[in-house]
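Working through the structure, step by step
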Amino acid sequence: MELTVVGSGTAAPEPERVCSAFFITAGGTRVLVDCGPGAVHHLARFTLPWQRLDHLVISHFHNDHIGDLPMLMFALKWGLEQRRTAPLSVWAPPGIQGLLAGMAGIFGDHVTDPGFPLHVHEIAPGHDGPLGRGLSLAATATPHTDHSLALRFQARRAGTIGYTGDTGPSHDVALFLAGVDLLIAECSFPDDLAMDSHLTPSSLAGMAHTARPGRLMVSHVYPQLDRHDVAALIAAAGWDGPVVRAKDGMALRVPFTEGP
Ligand SMILES: [Zn+2]
Ligand SMILES: [Zn+2]
């Protein structure tokens, strides 16, 4: 599997980061995970094959995770030199059908009728099934919104990528993500701004201690925390495994064969 960080930001605009989005390829299957504002242009900037996207997976419906969804559909309908015929599958929490209909009402029919087959799947906590061609997707609930999900991508040949989405501290979410090769985790705020719906270095270290990922990638870091050395704070809070701070454009092969 290959992962490219498309967007590692938050609700706070930053010059070098756009909002949450990650691109996974495995066995010829191309998946975009979340589609926050700015994601579509970063797909092009990092020369990712957005034109041939097979699946869009959404963790939850906050603006910083879905804001570019109408733009993605607009690009796939009107931004291609050759009309697309291949289907696109959307996997998202319950409510996605109504959300897409609402977006179509504002932005236009391209959201729900892009000129190629659009297969929309609602995924609830406990979902575990194939995405196609040797890649599967599992989901569990996170303490963040009523429908927010953590996700787990498993390649048949080798490799697992976990994604906390947005979450508060949760032992159950940590157990769901146990043993993944790469865990993409949110870490929103410093410990002195801890809350039930987001993670801090200490709460993420605790979850990592339970999940024991091969590597921890920290994303979705608000400026209040990002002015500190996040990896050092997570290590000081008790997580002794490798930590990498996500950057837009960063690409990793999973399972790992070399640095960083
Ligand atoms: Zn959120
Ligand atoms: Zn968020």
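First, a word on what this report is: a plain description of the structure on this page. Just so we're clear, the structure is a prediction, and the values are computed from it rather than from any experiment.

What counts, and at which threshold
Residues numbered from 1 in each chain as written. Chains lettered and ligands numbered in written order. Predicted model: local features only at pLDDT ≥ 70, side-chain atom pairs only at ≥ 80, totals over all residues. Heavy atoms only, no water. Helix = DSSP H or I, 4+ residues; strand = E, 2+ residues; numbered from the N terminus. Rg over C-alpha atoms; globule rule 2.2 N^0.38 Å. Buried < 20%, exposed > 50% of the residue type's maximum accessible area, 1.4 Å probe, protein only. Contact = heavy atoms within 4.5 Å. Areas by Shrake-Rupley, 256 points an atom, 1.4 Å probe, with all protein chains shown as cover. Donors = N, O, S within 2.8 Å, 3.2 Å for Na, K, Ca; no water. Tetrahedral: all angles 85-135°; square planar, octahedral: opposite > 155°, others 65-115°. Disulfide = S-S within 2.5 Å. Salt bridge = Lys/Arg side-chain N within 4 Å of Asp/Glu carboxyl O. Pairing = 2+ DSSP bridges. Axes fitted to C-alpha atoms, helices over the stretch in contact; angles between N-to-C directions. Expected span 1.5 Å × (residues − 1). Arc of directions from axis to C-beta.

1. A word on the overall build of the protein
In terms of regular secondary structure, the protein is built from 8 helices and 14 strands. Its C-alpha atoms give the protein a radius of gyration of 17 Å, within 12% of the compact-globule value 18 Å for 260 residues. Across its three principal axes, the protein shows a C-alpha extent of roughly 50 × 40 × 35 Å. Put simply, the protein has 260 residues, and 55% of those count as buried. A sequence separation of at least 24 residues applies to 64% of the contacts in the protein between residues at least 6 apart. By element, 53% of the accessible surface of the protein is carried by carbon and sulfur atoms, the whole surface being about 10900 Å².

2. Concerning the coordination of the zinc ion (ligand 2)
The coordination sphere of the zinc ion (ligand 2), as far as protein atoms go, consists of Asp64 (OD), His65 (NE2), Asp166 (OD) and His220 (NE2), spread over 2.1 to 2.2 Å. Each of the 4 donor atoms bound to the zinc ion (ligand 2) contributes to angles spanning 90 to 166°, and the resulting shape is irregular. All donor residues of the zinc ion (ligand 2) come from one chain, and their arrangement in sequence is D-H-x100-D-x53-H. Between the zinc ion (ligand 2) and the zinc ion (ligand 1), the interatomic distance is 3.5 Å, and Asp166 donates to each metal, bridging them. With Asp64 in helix α2 (residues 63-66) and His220 in the loop between β12 (215-219) and α7 (223-226), the pair connects residues that are 156 residues apart, well separated along the chain. With respect to burial, Asp64 and His220 carry one shared label: buried.

3. A look at the state of the cysteines
Inspection of the entire model under this criterion finds 0 disulfides. Left without a disulfide partner, Cys19 is nearest to the cysteine sulfur of Cys35, which lies 10 Å away. The class for Cys19 is buried, based on a relative accessible area of 12%.

4. Regarding the pattern of salt bridges
Scanning the entire structure with this criterion turns up 7 salt bridges. With a closest N to O distance of 3.9 Å, Asp226 and Arg17 form a salt bridge. Placement of the pair is Asp226 in helix α7 and Arg17 in the loop between β1 (2-7) and β2 (21-26), with a sequence separation of 209 residues. Sharing partners across several salt bridges, the network here consists of Glu14, Arg17, Asp226 and Arg245.

5. Remarks on the coordination of the zinc ion (ligand 1)
Taken together, His60 (NE2), His62 (ND1), His144 (NE2) and Asp166 (OD) make up the full set of protein donors to the zinc ion (ligand 1), lying 2.1 to 2.4 Å away. Here the donor residues of the zinc ion (ligand 1) share one chain and are spaced in sequence as H-x1-H-x81-H-x21-D.

6. A word on the sheet that holds β1
Reading across from one edge, β6-β5-β4-β3-β2-β1-β14 is the order of the 7 strands in this open sheet, with mixed pairing throughout. Pairing within the sheet leaves two strands with one partner each, and these edge strands are β6 (118-122) and β14 (251-253). On average, adjacent strands in this sheet sit at an angle of 20° to one another, irrespective of strand direction. Alignment of strand β4 (residues 55-57) against strand β5 (residues 88-92), held across 3 bridges, turns out to be parallel.

7. Brief notes about helix α4 (residues 96-107)
The α-helix advances 3.6 residues per turn, and as a result positions three or four apart in sequence lie on the same side. Helix length check: α4 (12 residues) gives 16 Å between terminal C-alpha atoms against 16 Å at 1.5 Å per residue, within 8%. Listing the buried residues of α4 in full gives Ile96, Leu100, Met103 and Ala104. What you see down the axis of α4 is that its buried residues fit within an arc of 105°, all on one side. Facing away from the buried side of α4 by over 90 degrees, the exposed positions are Gly98, Gly105 and Ile106.

8. With respect to the sheet that holds strand β10 (residues 160-163)
In sheet architecture, strand pairing relies on hydrogen bonds along the backbone and comes in two forms, parallel and antiparallel. Here 7 strands make up an open sheet; going across it, the order is β7-β8-β9-β10-β11-β12-β13 and the pairing mixed. Of all strands in the sheet, those bounded by a partner on one side alone are β7 (128-132) and β13 (243-245). In this sheet, neighbouring strand axes are inclined to one another by 20° on average, regardless of whether the strands run parallel or antiparallel. For β7 and strand β8 (residues 135-141), the ladder comprises 4 bridges, and the chain directions are antiparallel. Residue pairing across strands places Pro130 opposite Ser136, the latter belonging to β8.

9. What about the pairing of β2?
When you tally the buried positions in β2, you get 5 out of 6 residues, the bulk of the element. Where β1 lies against β2, 5 bridges are found, and the strand directions are antiparallel. Bridging from a neighbouring strand, Gly7 pairs with Ala21 of β2. Two elements, β2 and strand β3 (residues 29-33), share 5 bridges in a ladder whose sense is antiparallel. If you follow Phe23 over to β3, its bridge partner there is Leu32. If you look at the hairpin formed by β2 and β3, you'll find 2 residues sitting between the two strands, and Gly27 has a positive phi there, around 55°.

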